[in-house]
Every structure is written in C-alpha cells, then in structure tokens.
Amino acid sequence: MKKHKTGIVLSGGGAKGYAHIGALMALEERGIEPTAVAGTSMGAIIGIFYAAGYRGKEIYDIVVKEKFDSLFTVITPVIGISKLGLSSHKNVYEVFRKYMPDDDFDRLPKPLTVCATDLITSEGRYFSSGKHLHDAVIASSSIPGVFEAVKIGDGIYVDGGLIDNLPAKALRGSCEYLIGVDVNPSPLEPPKLENKADLIAQTIHTIVHHSSEEGRALCDFIVEPRVSDKYNEFSFKEFKEICNIGSETMAAFLDSHPEAVEKMLG
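What counts, and at which threshold
- Here the residue numbering is sequential within each chain, running from 1 through the sequence in written order.
- Since the coordinates come from a predicted model, pLDDT governs what is reported: local features require at least 70, and pairs of side-chain atoms require 80 or more to be given and counted, while whole-chain, interface and lining totals use all residues.
- Water and hydrogen atoms were dropped before computing side-chain values, which therefore reflect all heavy atoms in the structure.
- The axes are straight lines fitted to the C-alpha atoms, using for helices just the contacting stretch, and the angles between their N-to-C directions are given from 0 to 180°.
- Counting from the N terminus, the helices are DSSP H or I runs at least four residues long and the strands are E runs at least two residues long.
- The scheme is simple: roughly parallel for angles under 35 degrees, roughly antiparallel for over 145, roughly perpendicular for 65 to 115, oblique for anything else.
- Contact definition: two residues touch when any of their heavy atoms are within 4.5 Å.
- Residues are grouped as follows: nonpolar covers Ala, Val, Leu, Ile, Met, Phe, Trp, Tyr, Cys and Pro; charged covers Asp, Glu, Lys and Arg; every other residue, Gly included, is treated as polar.
- By convention a nonpolar core is built from buried Ala, Val, Leu, Ile, Met, Phe, Trp, Tyr and Cys residues, the set being connected through side-chain atoms within 4.5 Å.
- Relative accessible area decides the class of each residue, using a 1.4 Å probe on protein chains only: under 20% of the type maximum gives buried, over 50% gives exposed, and in between gives partly exposed.
- Only strands joined by at least two bridges in the DSSP assignment are considered to pair.
- Two rings from Phe, Tyr or Trp (for Trp, the six-membered ring) form a pair when their centres are within 6.5 Å of each other. A pair whose planes differ by under 30 degrees is stacked, one over 60 is edge-to-face, and the rest are tilted.
- Criterion for a charge above a ring: Arg CZ or Lys NZ at most 6 Å from the ring centre, at most 35 degrees from the ring normal.

Undergrad: Can you walk me through the packing of helix α1 (residues 19–29) against helix α2 (residues 42–51) in this structure?
TA: A pair of packed helices is captured by two measures, namely the crossing angle of their axes and the spacing between those axes. Contact geometry for α1 and α2: axes closest at 10 Å, N-to-C directions at 40°. The angle between α1 and α2 places the two elements in the oblique class. Here H20, I21, L24 and E28 of α1 come into contact with α2, specifically with G43, I46 and Y50. Considered class by class, the residues forming the contact of α1 with α2 number 4 nonpolar, 2 polar and 1 charged.

What follows is the structure in structure tokens.
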C-alpha cells in the first residue's frame, strides 16, 4: 500500500516556474491536493511553501507582497568579491525565515524532497530530512555563475536542474499517482537568441529539458505549461501572466483527462 494517494513533482525553470502556482490553484479548485511534494530549483521554492501548508493563492499573494515578481528582488548582487557567484540569496533567505521559521524538513506538514547538484561529487543529492531545509532549497535553485553556490556539510551545491530537473524518482515509491508539472517542454519554434540573457536562458533550458527525461517517464501524468513560447527564466515581471498559463494549462489537462481526476480523487 502506497503511503500517499497523489504526489506532485515541480520542475525547475527560473521565472517560468511561477506557472506551478497557477497549476496548484487549478488542482485545488478541483479538490485535488497532493500530499507529497518534490521539486528542483524554482519547483523547490514553490514546493517548500506548498509543503509548509500554504495554498496556491496564498503563495501567489506572498510573491506579490514580497515583490518577488521583480528580477531585482530575486537577484541581489554580492558586495565585494565572491568566488562562488555574482548574486547572493539574501532576500530569499529572509522570506523563508519570515514564512517558514522552522528550518527543518521533518516539521513540514507535507513531506518535501528537493534535488541539488553536488559540485564535489558531480552527483545529484536529494534532501528530504534534517535541519537544513532553507539551505537545501536555496542550493537547489542556485543557477551556476549567477547565484552563490551553497555549502551544506562537506558538499558545495548548485542548481539541481543540472542532474534532475523533475525529481519524480524521489516520490515514485511512496505515491500511488504522480503528477509532474514541467515548464520546459520541447519548443514549437526555434528560440530567438538576440542578447546575452537569451543565450543564458536557452543554455539553461537545454540542460534542464534533457535532465527532466527520466522524471517525466516516471510520472503518471505530465502537464506542460508552455511558458517558454513567450517567456524565459528571467521573466519575473511577467509573474501574473506566467501564473495564468499554469492555471489554464492544468485546468485544460484536468478537463481532457477525467480519468486522471477520478484516480487522484479516488
């Protein structure tokens, strides 16, 4: 007997990952509430709030209130010289401490697993217990070269999307059904590469798209908000539009897959 009826896996994708909030809101409107969560990068950040008991609309309101719909809030340049990244995680840490002061995986209402990449071993590590909740989630979302790497124990960690951008294997054994939300589907048209930001974003997209393949295969249901058709990893100011894409995509999926709804509610 599986421990959880339904688990949800949230992919990385920078600002595109805000689609996860809309997807959660659409699930909640149908009475579907996953009881186990796994995520990488932005999926880990949305995942920590959901695992802590915040509902989709509450997470939406937190993003707006804390101005995390602005690139300049998310990225806080390091003062002085840092060998581990251009931007610190100062603002993200402050928000975590404000809304989730208990820095302990084991105290979360819903179990959470996040993936980060260990630069020492070149392997992915899946964090799901212990009193380093904030560090693990922030490590999972540390885009190499952009954000400072995070030291946890003997490891130095960066974005888990390098290894496993859709960490379904962390939940497969404990959930009867797994729904994966992947904001990095294959593009419908060739990407536009007009500046450095486009180049960085497309490089990240290429890496995480391929590192999602194993996780996609392990999910029972895959939902693909096509955020990449209009936005990229740094489109934080389009937060509301990205959330709407996530909500509309999940609602359309549930409408066209009544068998999925029946299984996850059953």
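Undergrad: Help me understand the nonpolar core in this model?
TA: The tendency in soluble globular proteins is for nonpolar side chains to be buried as a group. Of all hydrophobic cores here, the largest spans 70 residues; its most connected members are Y18, F49 and L112. Setting aside residues up to four positions removed in sequence, Y18 forms contacts with M42, I46, V63, F68, F236, F239, I242 and C243. Of all hydrophobic cores here, the second largest spans 9 residues; its members include A38, L166, A168 and C175.

Undergrad: Is there a simple way to think about the pairing of strand β6 (residues 123–127) in this case?
TA: On any regular strand, side chains alternate: one points to one face of the sheet, the next to the other face. Direction of pairing for strand β5 (residues 112–118) relative to β6: antiparallel, over a ladder of 5 bridges. By the bridge assignment for β6, A116 is matched with R125. Linking β5 to β6, which pair antiparallel, is a turn of 4 residues; within it S122 sits at a positive phi near 60°.

Undergrad: What's the story with the pairing of strand β9 (residues 175–181) in this structure? I'm lost.
TA: Across the 7 residues of β9, 6 count as buried, placing the element largely inside the fold. As paired strands, strand β1 (residues 4–10) and β9 are joined by 6 bridges and run parallel to one another. Following the sheet pairing, T6 is matched in β9 by Y177. Here β9 pairs with strand β10 (residues 221–223) via 3 bridges, running parallel. Each bridged residue has a counterpart across the sheet, and for G180 the counterpart in β10 is I222.

Undergrad: Could you clarify how one ought to interpret unusual backbone geometry in this entry?
TA: With the exception of glycine, the majority of residues adopt a negative phi angle, and the majority of peptide bonds are in the trans configuration. Not every positive phi belongs to a glycine, and S41 is a case in point at roughly 55°. The residue S41 is located in the loop between β2 (36–40) and α2 in this model. Judged by its relative accessible area of 5%, S41 falls in the buried class. Within the chain, K67 stands out as a residue other than glycine whose phi angle is a positive 60°. Turning to its location among the elements, K67 is positioned in the loop between α3 (56–65) and α4 (71–74).

Undergrad: Before we go on, may I ask you to explain the packing of aromatic side chains in this structure?
TA: For any pair of aromatic rings, the description rests on two quantities: the centre-to-centre distance and the angle between the ring planes. All chains considered together, the criterion is met by 10 aromatic pairs. Aromatic pair F127 and Y157: ring centres 5.3 Å apart, planes at 75°, arrangement edge-to-face. Taken together, the residues span a long stretch of sequence, with F127 in strand β6 and Y157 in strand β8 (residues 155–159) at a distance of 30 residues. You'll find F127 and Y157 in the same group, each marked buried. By the ring-pair criterion, three or more aromatic residues cluster together here, those being Y18, Y60, F236 and F239. We note K110 situated over the ring of Y50; from NZ or CZ to the ring centre the distance is 3.7 Å.

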